[in-house]
Amino acid sequence: MSFKHNIISYAALPFLALWITQPACADSFARSKYTSIKFNPFWQEMDLDLRLNLDSTRFDGIFREDNQSFSEQVNDLRRARLFFKFDLNNNWSSKLQFAINEGDSKYRTKDAFFRYKGFDFADIKFGLSKEPFGLEQMTSSANLAFTERSLAKAFAPGRSKGINFSDSKSSYSWSIGAYDIEQGGNNKADGSTAYTTRVTLSPLNEENNYNHYGLSFSKRNLDGAPYEIKTNASLDTGFTFLDTRNIETESLQQSGLEAAWGRGALSLQGEYQHLNINAIEITENSRYQSYYTQLSYFLTQDNRPYKKGRFSSVRPSSSKGAWELVFRKGALQSINIGNEDPGTRIEVQSNQLGINYYLNKQAKLMLHINDSKTSGIMNGANADGSAITLRIQLRI
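Criteria and thresholds
Residues numbered from 1 in each chain as written. Predicted model: local features only at pLDDT ≥ 70, side-chain atom pairs only at ≥ 80, totals over all residues. Heavy atoms only, no water. Pairing = 2+ DSSP bridges. Helix = DSSP H or I, 4+ residues; strand = E, 2+ residues; numbered from the N terminus. Contact = heavy atoms within 4.5 Å. Phe/Tyr/Trp six-rings, centres within 6.5 Å; stacked < 30°, edge-to-face > 60°.

Undergrad: Would you mind showing me how to read the pairing of strand 10 (residues 209-221) here?
TA: For a regular strand, the rule is simple: side chains alternate between the two faces of the sheet. Relative to strand 10, strand 9 (residues 193-201) runs antiparallel, the two being bridged by eight bridges. Looking at strand 10, one finds that V199 is bridged to L215. Relative to strand 14 (residues 247-263), strand 10 runs antiparallel, the two sharing 13 bridges. Following the sheet pairing, K219 is matched in strand 14 by Q253.

Undergrad: Sorry if this is basic, but what is going on with the environment of S319 here?
TA: Along the chain, S319 falls in the loop between strand 18 (310-311) and strand 19 (322-336). C-alpha separation for the pair S319 and L359, spaced 40 residues apart in sequence, amounts to 7.7 Å.

Undergrad: Would you mind going over the side chain of N143 with me for this structure?
TA: Its place among the elements puts N143 in the loop between helix 3 (135-138) and strand 7 (159-168). Once residues lying within four places of it in the same chain are set aside, the contact partners of N143 are R304, F311, S312 and S313.

Undergrad: Is there a simple way to explain the packing of aromatic side chains in this structure?
TA: Aromatic ring pairs are defined here through the distance separating the ring centres and the angle between the ring planes. Using the criterion set out here, one finds 13 aromatic pairs in the structure. When the centroid spacing of 4.6 Å and the interplanar angle of 40° are considered together, the rings of W323 and Y357 count as tilted. Of this pair, W323 sits in strand 19 while Y357 sits in strand 20 (residues 347-360), and the two are 34 residues apart along the sequence. Within the aromatic cluster, the residues linked to one another by ring pairs are W92, F114, Y116, F119, F121 and F126.

Geometric values such as these leave the question of function open.
And the structure:
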């Protein structure tokens, strides 16, 4: 999306930023979570939440579709999300989330589900929602330490229609669901059913100190639907240089391990994910793996909040805001890509370094550098590329 197509949004940005940074407004934002509207008899309370991500990115090498060594700059409305959360009564609630001007469509429904909390053993959720898989995937994009998720996103399940049972306490959480497989993302046609589950443990979970361990698994019956893997190495505006051939797939097995550790201002996080593709033609059976480790350190008296198996939003401890340094190292690799391409090995490696400034819970600035290299993939003559991204993230 080019700058000229978003001239109104960008022209209004300085005035919006100036308004938010006023002391009275910043204090009001810090105290409020989101707008609440009470109205009867249809619901007890309705919450509204608008999120905007505005990016300016310069990149070169493999990130460029035309494979030029000199850099290209793109200004982009990366994300615009509108949420409606309804509390119908003490046991029933629902959520609607729309993505505006993301991807190729004018708007897209991201979440549309009902939740029932009347049972002691579990909450029940049915509709369109995230499948429970992975720490990074289950953490809201608004609460990530980086501008984009890691390379593990290349084959992590996303949002699907289905039914889910879950429960979470301070020391553990579990979630299991059955979902329809529909065309979109890596799936090039409708499949059958996916069964996805995630379990987490947190033996230490105090205010600023925590340990986290998790396990995820998904069995996905595609019934011959074509499947592919693609990535742009965590750069949304970059060229998708890895786009494997479509494999007519009988089923997938996906598994993931996750761990996190936090002590005050310092936190560590890592995940390993494995994908097994069972193709219709046995010669096309393939396996891939992806992993990352990341570090976060606050220069101020702040920390990354952890709660019930995922990370939540940073609330600066001072009116001066919070400063965070982050580093991530990750890789995506083919273990076996079938007899169709014997001896071929695909690998993408990506390193990211960044600094984040949290004005308050509602406004964040991010400046990140992405350095990636590949083997077994060629975007023209380039096998590597670099990028720098400045993001303004607003939550209103």
